[in-house]
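As a plain string of letters, each chain reads:
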Amino acid sequence: MLDIDLSDLSQDKGARTTQLRHGDRLADLIDRAVAALGVEKSTFLRAAIAKEAQRILEESSRHVMSAEDAGKFEAALDRKPTVTSKAKAAAKAYRARVVHAD
């Protein structure tokens, strides 16, 4: 069974449209899926598009590192930063501009 939640989208028949040109193979695939689920084609397409859009957005919101990259990143976080003259000047300028309550 397909893992598509159709409940929220079956009533979501807004005024917006999206046109899509496709061939016979995709039309047949869509028709078979619609028949298997027993829903209207537009309901199926809204659900499928929403599911894929959510998957893409979720996937693109995370960074996946290899074990080697994660080790390098962790080591960089653990290293004490080098204090440069520019960093010292920036800290001094910050302290001159910002008044702390404590």
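As a starting point, this report considers the structure included with it.

Basis of the calculations
- Residues numbered from 1 in each chain as written.
- Predicted model: local features only at pLDDT ≥ 70, side-chain atom pairs only at ≥ 80, totals over all residues.
- Heavy atoms only, no water.
- Helix = DSSP H or I, 4+ residues; strand = E, 2+ residues; numbered from the N terminus.
- Buried < 20%, exposed > 50% of the residue type's maximum accessible area, 1.4 Å probe, protein only.
- Contact = heavy atoms within 4.5 Å.
- Areas by Shrake-Rupley, 256 points an atom, 1.4 Å probe, with all protein chains shown as cover.
- Salt bridge = Lys/Arg side-chain N within 4 Å of Asp/Glu carboxyl O.
- Patch = residues over 30% accessible without salt bridge, like charges linked within 9 Å, V, L, I, M, F, W, Y side chains within 5 Å.

1. Description of the overall build of the protein
Moving on, step 1. If you tally the helices and strands in the protein, you get 4 helices and 0 strands.
Moving on, step 2. Listing every helix and strand of the protein by position from the N terminus yields α-α-α-α.
Moving on, step 3. Taken over 102 residues, the protein has a buried fraction of 8%.
Moving on, step 4. Intrachain contacts of the protein at a sequence separation of at least 6 include 64% that bridge at least 24 residues.
Moving on, step 5. Carbon and sulfur atoms make up 55% of the accessible area of the protein, which amounts to about 9600 Å² in all.

2. Structural notes on the pattern of salt bridges
Moving on, step 1. Overall, the coordinates contain 6 salt bridges when judged by the stated rule.
Moving on, step 2. Its salt-bridge partner being Glu-58, residue Arg-62 comes within 3.1 Å of it at the nearest N-O pair.
Moving on, step 3. Under the relative-accessibility criterion, Arg-62 is labelled partly exposed at 48%.
Moving on, step 4. For Lys-72, the salt bridge is made with Glu-68, and the minimal N-O distance between the two is 3.4 Å. Remark: Glu-68 and Lys-72 occur in helix H3 (residues 67-78); sequence separation between them is 4 residues, near one turn of the helix. When sorted by exposure, Lys-72 lands in the same class as Glu-68, which is exposed.
Moving on, step 5. Salt bridges here are not isolated pairs; linked through shared partners, they connect Glu-52, Arg-55 and Glu-59.

3. Here we look at a nonpolar patch on the surface
Moving on, step 1. Taken together, the side chains of Leu-20, Leu-26 and Leu-29 make up a nonpolar region of the molecular surface, amounting to roughly 290 Å² of accessible area.
Moving on, step 2. Locating Leu-29 in the fold gives a position in helix H1 (residues 24-37).
Moving on, step 3. By relative accessible area, Leu-29 is classed as partly exposed at 48%.

4. Some remarks on the environment of Lys-13
Moving on, step 1. Here Lys-13 is to be found in the segment before H1.
Moving on, step 2. C-alpha separation for the pair Lys-13 and Arg-46, spaced 33 residues apart in sequence, amounts to 9.2 Å.
Moving on, step 3. Aside from chain neighbours lying at most four places away, what touches Lys-13 is Glu-40 and Arg-46.

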